[in-house]
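Report on the structure
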Amino acid sequence: MLPGCKCDICGRRLRLKNSWKASSLSTLTAIACFLSMLYFRAIPPENGILFGIHAFAFLILGTLWFHLFGKPALSTWTGAASATALARERERFRSEMDSVDNELQR
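Residues numbered from 1 in each chain as written. Predicted model: local features only at pLDDT ≥ 70, side-chain atom pairs only at ≥ 80, totals over all residues. Heavy atoms only, no water.

This part takes up the overall build of the chain. A tally of helices and strands in the chain yields 3 helices and 4 strands. Sequence-ordered secondary structure for the chain, helices as α and strands as β, is β-β-α-α-β-β-α. Across the 106 residues that make up the chain, the buried fraction comes to 18%. When contacts within the chain are restricted to residue pairs at least 6 apart in sequence, those whose partners lie at least 24 apart make up 61%. Surface summary for the chain: the accessible area is close to 8,400 Å², and the carbon and sulfur share equals 66%. (Helix = DSSP H or I, 4+ residues; strand = E, 2+ residues; numbered from the N terminus. Buried < 20%, exposed > 50% of the residue type's maximum accessible area, 1.4 Å probe, protein only. Contact = heavy atoms within 4.5 Å. Areas by Shrake-Rupley, 256 points an atom, 1.4 Å probe, with all protein chains shown as cover.)

As structure tokens, this is what we get:
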């Protein structure tokens, strides 16, 4: 569910969901961290601090990929909305924004 935000007017939640690009970059980051841990012998009993740095780097980079390349999804009580429901909501939002802009221009 996280990260997410909630519309103040309608109460719907918009959240990020994973994408192919984000999961691929996270997988490559995990492989790179694992190979680096093997190279530097970052094993918890022997070198726990270096292991922690590798784990922290993986979490930060994985979160970064998710935020950069995640796809927005409309979340409802029954789960994520379909692509057509998301397109319908997007069109309704645009029409509401156009009507507000027209009101402000008058």
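Attention now moves to the confidence of the model for the chain. Interpreting fine coordinate detail is not advised for predicted regions of low pLDDT. When pLDDT is averaged along the chain, the result is 77; 75% of the residues meet or exceed 70. Looking across the chain, the model is least confident in strand β1 (residues 4-6), with a mean pLDDT of 60, and most confident in helix α1 (residues 20-39), with 85. (pLDDT = per-residue confidence, 0-100.)

This paragraph deals with the side chain of Ser26. Within the secondary structure, Ser26 sits in helix α1. According to the relative accessible area criterion, Ser26 is buried, its value standing at 18%. Excluding residues that lie within four positions of it along the chain, Ser26 makes contacts with Phe58, Gly62 and Trp65.

Spanning 26 residues, helix α2 (residues 44-69) covers only 32 Å between terminal C-alpha atoms, well under the ideal 38 Å at 1.5 Å per step. Taken residue by residue, α2 has His54, Gly62, Trp65 and Phe66 as its buried positions. (Expected span 1.5 Å × (residues − 1).)

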